[in-house]
Amino acid sequence: MSNSEIQVPLENYKGGLITGEELFKISDDCYRYELNKGRLRKMAPAGIKHGVIASRLDARLQLFVEQHNLGIVCAAETGFYLEKEPDTVKAADVSFYAWESIPNDIPEGYGDLPPDLAVEVMSPNDSLIETEKKALAYLEKGSKMVWVIYPKKQTVTIYRKGSQKTLKSTDVLDGEDVIPGFSVNVAEIFPSLPNQKNA
């Protein structure tokens, strides 16, 4: 389960707007949810390739950030508010908060501020338009950078305020001024079987 609060069945909320606090208390029914202006958006669990890609990047970011004491890295589906009243709660596949972005303590519930870096891994059924809107919404609300990873093309698109660029598998992805000093070969993010590596 995602939290230690009293879990509330989803049926209790059908038909009306709900808040981020109420979303946090919804009992675990094996689905993922985001909140769009008080309305629940149901999402199926991610596929294996999606999970492996998010995990590979998360592990590399986590190691670097801890070694350099830069902040915290959050695993998949950690929620944060983009809007309130009505509430919009989004969850990135990987996210990073610099220490200076955390005002007092690490919150138990959803963060009031978007992460400094948000990472989205595209799944086969994800809408390109909706994912781009989500990336731009992160930036609008205060994220400094967003990485959108496309497994099929093996590319990463970097969104920043007023600009975007796409990296190929032969390029290097770096943290720029958001995670200074961090870099990873784009190809390292994508999994391959041993026989594929040697082919």
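So, here is what we can say about the structure in this document. (Residues numbered from 1 in each chain as written. Predicted model: local features only at pLDDT ≥ 70, side-chain atom pairs only at ≥ 80, totals over all residues. Heavy atoms only, no water.)

1. Concerning the layout of surface pockets
Alright, step 1. Of the voids in this model, the second largest pocket is the one considered here, and its volume is about 640 Å³.
Alright, step 2. Lining of the second largest pocket is provided by 32 residues; of these, E34, R41, M43, D126 and K134 occupy positions nearest its centre.
Alright, step 3. Of all the elements in the fold, those that place two or more residues in the lining of the second largest pocket are β1 (32–36), β2 (39–43), β4 (78–83), β5 (88–92), β7 (117–121) and α3 (128–141).
Alright, step 4. Its residues placed into classes, the lining of the second largest pocket shows ten nonpolar, eight polar and 14 charged. (1 Å grid on protein atoms, 1.4 Å probe; cavity = no way out; pocket = protein on both sides within 12 Å on 5 of 7 lines; lining within 4 Å. Points joined across faces, edges and corners; volume = space filled by probe spheres on them. Helix = DSSP H or I, 4+ residues; strand = E, 2+ residues; numbered from the N terminus. Nonpolar A, V, L, I, M, F, W, Y, C, P; charged D, E, K, R; others polar.)

2. As for the packing of aromatic side chains
Alright, step 1. Inspection of every chain in the model, using the stated rule, returns three aromatic pairs.
Alright, step 2. Note on F80 and Y138: the rings are 5.4 Å apart at their centroids and 55 degrees apart in plane angle, and the pair reads as tilted. Highlighted residues: F80 in strand β4 and Y138 in helix α3, separated in sequence by 58 residues. This pair shows no difference in class: F80 is buried, exactly as Y138 is.
Alright, step 3. These aromatic residues form a ring-pair network of at least three members: F64, W147 and F182.
Alright, step 4. Sitting over the ring of Y81, K84 keeps its end group 4.4 Å from the ring centre. (Phe/Tyr/Trp six-rings, centres within 6.5 Å; stacked < 30°, edge-to-face > 60°. Buried < 20%, exposed > 50% of the residue type's maximum accessible area, 1.4 Å probe, protein only. Lys NZ or Arg CZ within 6 Å of the ring centre and 35° of its normal.)

3. Describing helix α2 (residues 48–67)
Alright, step 1. Given a rise of 1.5 Å per residue, 20 residues ought to cover 28 Å, and the 28 Å separating the end C-alpha atoms of α2 matches this to within 8%.
Alright, step 2. Among all positions in α2, only H50, I53, A54, L57, D58, L61, F64 and V65 are buried. Around the axis of α2, the buried residues are gathered within 135 degrees of arc, so they sit on the same side. Pointing more than 90 degrees away from the buried face of α2 are the exposed residues I48, K49, L63, E66 and Q67.
Alright, step 3. Of the surrounding secondary structure, the elements contacted by the buried residues of α2 are β3 (71–74), β6 (94–98), β7, β8 (145–150), β12 (183–185) and α4 (186–189).
Alright, step 4. Where α2 terminates, the next one or two residues include N69, which has phi positive at roughly 50 degrees. (Expected span 1.5 Å × (residues − 1). Arc of directions from axis to C-beta. Contact = heavy atoms within 4.5 Å.)

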